[in-house]
Amino acid sequence: QVQLVESGGGLVQAGESLRLSCAASGSIFAIGDMAWYRQAAGKQRELVASVNNVGSTRYAQSVKSRFAISRDNAKNTVYLQMNSLKPEDTAVYYCYANIQLSRWSRWYYYWGQGTQVTVSS
């Protein structure tokens, strides 16, 4: 069984920062892409940022220059540093990982349970 466990969400004021963490645990052979998505009330889930296994990153235009994604491969953990938060960043943030369970298995997609981020104005 593989689990992704997120932490670090909360309530902050506009302009403040938060750091999200997501640790993958279980029977893992390799992890490919890791990412953060978010879903605001009444909206579709959207990609916030992603990082592949060699550290290449991509960001949604709305968070470029404010958010930074990183990963620690030794800890199977991905982070999202969120600076200069805005009320429109309010959403449930979900961790995502593409995981291979053994050398010969296919790759599977896993999601975390989500963590609420609320930014007040």
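Source: prediction; values computed, not measured.

Caption draft 1: Broad picture of the state of the cysteines. Throughout the structure, instances matching the rule amount to one disulfide. Two residues share a disulfide in this structure: Cys22 and Cys95, whose sulfurs sit 2.0 Å from each other. Taking the sign of the S-S torsion, -80° for the link of Cys22 and Cys95, the bridge is left-handed. Remark: Cys95 occurs in strand β9 (residues 91–100) and Cys22 occurs in strand β3 (residues 18–26); sequence separation between them is 73 residues. Assessed through its relative accessible area of 0%, Cys22 is described here as buried. Note on Cys95: relative accessible area 0%, which makes it buried.

Caption draft 2: Up close: the sheet that holds strand β8 (residues 77–82). With antiparallel pairing, four strands are arranged side by side in an open sheet as β1-β3-β8-β7. The strands lining the two open edges of the sheet, one partner per strand, are β1 (2–7) and β7 (67–72). Recorded for the sheet is a direction-independent mean angle of 15° between the axes of neighbouring strands.

Caption draft 3: Representation of the packing of aromatic side chains within the structure. Inspection of every chain in the model, using the stated rule, returns four aromatic pairs. Members of the aromatic cluster, connected to one another through ring pairs, are Tyr37, Tyr96, Tyr109 and Trp111. Lying over the aromatic face of Tyr94, Arg45 brings its terminal NZ or CZ to 3.7 Å of the ring centre. Here the basic side chain of Arg106 rests over the ring of Tyr108, its NZ or CZ set 4.4 Å away from the ring centre.

Reading guide: rules and limits
- Residues numbered from 1 in each chain as written.
- Predicted model: local features only at pLDDT ≥ 70, side-chain atom pairs only at ≥ 80, totals over all residues.
- Heavy atoms only, no water.
- Disulfide = S-S within 2.5 Å.
- Helix = DSSP H or I, 4+ residues; strand = E, 2+ residues; numbered from the N terminus.
- Buried < 20%, exposed > 50% of the residue type's maximum accessible area, 1.4 Å probe, protein only.
- Pairing = 2+ DSSP bridges.
- Axes fitted to C-alpha atoms, helices over the stretch in contact; angles between N-to-C directions.
- Phe/Tyr/Trp six-rings, centres within 6.5 Å; stacked < 30°, edge-to-face > 60°.
- Lys NZ or Arg CZ within 6 Å of the ring centre and 35° of its normal.

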